[in-house]
Amino acid sequence: MTETESGKPLVVFTPSGRRGRVARGTPVLAAARQLGVDLDSVCGGRGICSRCQIAPAFGDFPKHGIHATPEALSPWNAVEERYRTKRGLAEGRRLGCQACILDDAVIDVPPESQVHRQVIRKAASDREIAMDPATRLYLVDVEPPDMHHPSGDFERLSAALSEQWGIAAPTAPLPVLARLQQALRKGDWQVSVAVFDDGTMPPAILGIWPGLHEGGLYGLAIDLGSTTIAAHLCDLATGAVRASDGVMNPQIRFGEDLMSRVSYAMMNPGGAAEMTAAVRTALTDLARSVAADAGIEPALIFEVVVVGNPVMHHLLLGIDPVELGQAPFALAASGALRLAAADLGLAGIAETARTYILPCIAGHVGADAAAVALAEAPDRSEDLVLVVDVGTNAEILLGNRSRVLACSSPTGPAFEGAQISAGQRAAPGAIERVTIDPVTKEPRFRIIGSSRWSDDPGFAEAVDRTGITGICGSGIIEAVAEMRIAGLLDASGLIGSAEAAGTPRLVPDGRTHSYVLHDGTSTGGPLIAVTQSDVRAIQLAKSALYAGARLLMDELGVERVDRIVLAGAFGAHISPKHAMVLGMIPDCALERVTSAGNAAGTGARMALASRVARSEIEATVRRITKVETAVAPRFQEHFVAANAIPHARDPFPELARLVRLPEVQFGAGGGPRRRRRG
Ligand code: FES
């Protein structure tokens, strides 16, 4: 035994590296507490929750100056044996609350035993989120009632929580009080409680169960978009996503885009309330379906985090969005909101569940943009980053460590395949990738649901089940960009005629021309063509996006950005090269254009997992400079200049290094036009 001068063994915890001397016989869990090591416990050392599992290491550890033997810890005990027989315990693992330190020891705390384990790690933004949930589970032993010292069961539970877990003066909503007496007696005065403590109000008991509750605690992270609503069901102890699902936003029947929904609210008495009811029902159904997918009781969902644009935000809250439809675009409340989920009419989940709604940045830049800022952290970026969340409305953030600006730009739904003649939402059968041979002008494409290109052998068989049904957002972007690269479309966006551009795939369409991508009419399928009005719709959408980005660049006084992040589920499918050929985004080295996937959803998950993330984003949003596109005169100017493909004025040197755009020009009828000089 290597007793030290102080007579206390030395213990080193890995991976934290925390070390110190503890009294001989100290349980590992207690030693961890003393040394500030993150080791979980729900049962408080009663040997029944197994959250405190550790893995002792034996041998020579010169780095730590320790030679650890199996005798460094107390022998395997009856509690551990019982746990192993009943539930199983992996080889080499001990229960930290049972194993006591007898000699110098090196003890590893595996990730699943760490309360604050890392759950979200984003290399691009140098971002790590550790579990720090607002709702946690605690096992408590409560004094039985005593006639000679009368006190309420809740008061004794409260005293036990304070004594055993340091949770002082909790509150309990009525549904918990109603269940309290039965739970205490059924559990023989031992109960598990789910305590919500987000640091902004007294802790609240949201759930109570007799004995040890082993069903878990769950939360929902919801990205409430104007077109789709996505939900992730997360385990509040581990951060693991147990199920995800998405549905169309049922408000679409009241208006395709945000402004048409605001108009619906303005024109129809009770219209806002109708839309509120529709979205709340959708969220309730979605909660039920993700819980069913994960095989858990919806009543175990105790927290809901919602992100959404300002109109969605107001409609969910039951606030008439009429003020958001006109200058000065005042929000009813812009800060983060902490509410009872029942107040939002979310049914089926725990009656006591809490909701956290991220702050809105401005009247046009919502909690979804705040969630993107949380996930992508432009405020921590060394270089100047442009973050674009592409959807029906584009949310745009530009900045670095010193300053972040935000705006929103009304791109409309063209990027999602709407307002496009053969457009459709991204679903099996939709053309999603397109290339056009610059010499033969022949297209090849790929559809969602098959990895084969249209000129690959076996393509027809591969798409037999889905058919070729239309073209989705990423498909139309690639098609228009490829038409520009192949010289079928000039910089002003005019499609050439068959004679002028050299392919019979260009067919007359009224006074304009269309490019036939796929003609399925002989087999009863659709004719999928890119029409002149499709190109115009894409031009309008991309001009809005570019003008928004450019406006922020003006505000910051820069001509270039260092990198671009395309966020949003759609952003994940856009090809950076094609986006740049179209001039959707400013010129930038292509390898510095990355996709962040559903960053708003990731931000919502971060806020669900971590109280620190919530306070961080609240502080960040207060520092973001809001730029209002609707009232900026320069926006219109930028919008007009951005109509050309890629742009009327701005140079695209990085793009020019990779792609040569032919200098074709077509007349109004699609025929060749002599190029003007200068
Ligand atoms: Fe619960 Fe050890 S703390 S089993």
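Residues numbered from 1 in each chain as written. Predicted model: local features only at pLDDT ≥ 70, side-chain atom pairs only at ≥ 80, totals over all residues. Heavy atoms only, no water.

1. Observations regarding the overall build of the chain
Rules: Helix numbering and strand numbering both begin at the N terminus, where a helix is a DSSP run of H or I of at least 4 residues and a strand a DSSP run of E of at least 2. Relative accessibility decides the category of a residue: with a 1.4 Å probe and only protein chains considered, values under 20% of the type maximum give buried, values over 50% give exposed, and everything between is partly exposed. Throughout, a contact is declared for two residues whenever any of their heavy atoms are within 4.5 Å. Using a 1.4 Å probe, the Shrake-Rupley method yields the accessible areas, and only the shown protein chains count as cover for residues. In summary, the charge assignment counts Lys and Arg as positive and Asp and Glu as negative, without counting His or the chain termini. Think of each charge as sitting on NZ of Lys, CZ of Arg, CG of Asp or CD of Glu.
Along the chain, the regular secondary structure elements total 18 helices and 32 strands. Projected onto its principal axes, the C-alpha positions of the chain cover 100 × 65 × 55 Å. For the chain, buried positions account for 57% of its 678 residues. Taking the intrachain contacts of the chain between residues at least 6 apart in sequence as the baseline, contacts between residues at least 24 apart amount to 65%. About 27,800 Å² of surface is accessible on the chain, with carbon and sulfur atoms providing 52% of the total. Computed over 66 positive and 75 negative side-chain charges, the inter-centroid distance for the chain is 3 Å.

2. Things to note about the sheet that holds strand S4 (residues 53–57)
Basically, it comes down to this: Should DSSP find at least two bridges between two strands, the strands are regarded as paired. An axis is simply a line fitted to the C-alpha atoms; with a helix, the fit covers only the stretch in contact. Between two such axes, the angle follows the N-to-C directions and lies from 0 to 180 degrees.
The sheet built from five strands is open, its strands ordered S2-S1-S9-S4-S7 with mixed pairing. Two strands in the sheet have a free side with no partner beyond their single neighbour: strand S2 (19–21) and strand S7 (94–95). In this sheet, S2 lies alongside strand S1 (residues 10–14) in antiparallel orientation, the contact comprising three bridges. Residue pairing across strands places Val12 opposite Arg19, the latter belonging to S2. Of the strands in this sheet, S1, S2, S4 and strand S9 (105–108) touch helix H1 (residues 28–35), which is tilted by about 80° from S1.

3. Re unusual backbone geometry
Looking along the chain, the bond that leaves Ala327 and enters Pro328 is cis, with omega of 5°. With respect to the helices and strands, the residue Pro328 is situated in the loop between helix H7 (310–317) and strand S19 (337–340). The omega torsion across Ile645 and Pro646 is 5°, close enough to zero to call that bond cis. Position of Pro646 among the secondary structure elements: in the loop between helix H17 (633–641) and helix H18 (653–658). Within the chain, Asp188 stands out as a residue other than glycine whose phi angle is a positive 55°. You can see Asp188 is positioned in the loop between helix H4 (174–186) and strand S13 (190–196).

4. Structural notes on the nonpolar core
Definition in use: Working definition of a nonpolar core: buried Ala, Val, Leu, Ile, Met, Phe, Trp, Tyr and Cys residues. They are joined through side-chain atoms within 4.5 Å.
Core analysis: the biggest nonpolar cluster contains 97 residues, and Leu220, Ile222, Ile301, Leu358, Ile361 and Leu397 have the highest contact counts within it. Counting residues per element, this core draws most heavily on helix H6 (residues 271–294), at eleven residues. If you look at the next biggest cluster of nonpolar residues, it comprises 75 residues, including Ala414, Val480, Ile495 and Ile538.

5. As for H1
Basically, it comes down to this: Throughout, the arc means that of the directions going from the helix axis to the C-beta atoms.
Every buried residue of H1 is accounted for by Val28, Leu29, Ala31, Ala32 and Leu35. Angular distribution of buried residues about the axis of H1 spans 160°; they occupy a single face of the element. As for H1, its buried residues are in contact with S1, S2, strand S3 (26–27), S4, strand S8 (100–101) and S9. Note on H1: the residue one or two positions beyond its end, Gly36, has a positive phi of about 70°.

6. Some words on the sheet that holds strand S29 (residues 527–530)
Strand order in the open sheet formed by three strands is S27-S28-S29, and the pairing between neighbours is antiparallel. Both edges of this open sheet fall to strand S27 (506–509) and S29, since each of them pairs with a single strand only. In this sheet, neighbouring strand axes are inclined to one another by 50° on average, regardless of whether the strands run parallel or antiparallel. For S27 and strand S28 (residues 512–519), the ladder comprises four bridges, and the chain directions are antiparallel. Bridge pairing in S28 places Val507 opposite Ser514. Where helix H10 (residues 473–485) meets the sheet, its contacts fall on S28 and S29, and the angle it forms with S29 comes to roughly 55°. Sheet contacts for helix H12 (residues 532–556): S28 and S29; angle to S29, the most-contacted strand, approximately 55°.

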